[in-house]
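Summary of structural features
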Amino acid sequence: MAIQMGATVYDLEESELCYAPPFGSAKDPVNFAGMVPADVLRGDMPLCHWTSVGGGLLLDVRNPPELAVESVPGAVNIPLPELRGRLKELPKDREILIICRSAQRAYYATRILLQNGFKARNLSGGMLSRSMLVAK
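Residues numbered from 1 in each chain as written. Predicted model: local features only at pLDDT ≥ 70, side-chain atom pairs only at ≥ 80, totals over all residues. Heavy atoms only, no water.

Time to look at helix α4 (residues 104-115). The first and last C-alpha atoms of α4 sit 17 Å apart over twelve residues, in line with the 16 Å expected at 1.5 Å per residue. Within α4, the full set of buried residues consists of Ala106, Ala109, Thr110, Ile112 and Leu113. Down the axis of α4, the smallest arc covering the buried residues is 165°, so these residues share one side. Packed against the buried residues of α4 are β2 (57-60), β4 (96-99) and β5 (120-123). (Helix = DSSP H or I, 4+ residues; strand = E, 2+ residues; numbered from the N terminus. Expected span 1.5 Å × (residues − 1). Buried < 20%, exposed > 50% of the residue type's maximum accessible area, 1.4 Å probe, protein only. Arc of directions from axis to C-beta. Contact = heavy atoms within 4.5 Å.)

Right, let's get into the pairing of β2. Side chains Leu57 and Leu59 of β2 all project onto a buried face; the interleaved residues Leu58 and Asp60 project onto the opposite face, where all are buried too. Sheet topology note: the β2/β4 ladder contains four bridges and is parallel. What sits directly across from Leu58, in β4, is Leu97. (Pairing = 2+ DSSP bridges.)

Quick look at the sheet that holds β2 now. Strands sit in the order β1-β5-β4-β2-β3 across an open sheet of five strands; the sheet is parallel. The sheet is open, and its two borders are formed by β1 (47-48) and β3 (76-77), each paired with just one other strand. Sheet topology note: the β1/β5 ladder contains two bridges and is parallel. Note that in β5 the partner of Cys48 across the bridge is Leu123. Lying on the sheet, α4 is in contact with β2, β4 and β5; it crosses β5 at an angle near 175°. (Axes fitted to C-alpha atoms, helices over the stretch in contact; angles between N-to-C directions.)

Among the nonpolar cores identified, the biggest contains 17 residues, and Leu59, Val61, Leu83, Leu90, Ile96, Ile98 and Leu113 are the most heavily contacted of them. Among the secondary structure elements, those contributing two or more residues to this core are β2, β4 and α4. Element by element, the count of residues in this core is highest for α4, at four residues. In contact with Ile96, other than residues within four places in its own chain, are Leu57, Leu59, Leu90, Pro91, Leu113, Phe118, Lys119, Ala120 and Arg121. Membership of the second largest hydrophobic core comes to nine residues, among which are Val53, Val72, Leu123 and Met127. (Core = buried A, V, L, I, M, F, W, Y, C linked by side-chain atoms within 4.5 Å.)

Here it is in structure tokens:
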């Protein structure tokens, strides 16, 4: 239906779909399929890819036990639950590239940093994307 009507990602994020707890959630996967790219297109979620990391500060917002499994050399670790209380440890004059396992916590961290005046971008796909690139 969306393809037939020529819907955009903005149409998908605003679609009114059936909400009934046994059958459909308040935010349907169709809405999320529109919300994610719409955030990127509006500039609400600046992205960076592993292939173009450059000289930004890598901020890993995963919890310490996760770092024992895999880590990125040189990345600063501030777990997401501690981030608001530790903002003074981060530079405002340097871009911060945020990573977590799958990019969900990095999304929240990016929003926190942007709203507090930092230059920040979410490393798309998180450590899961990195593991596929390193495997190649």
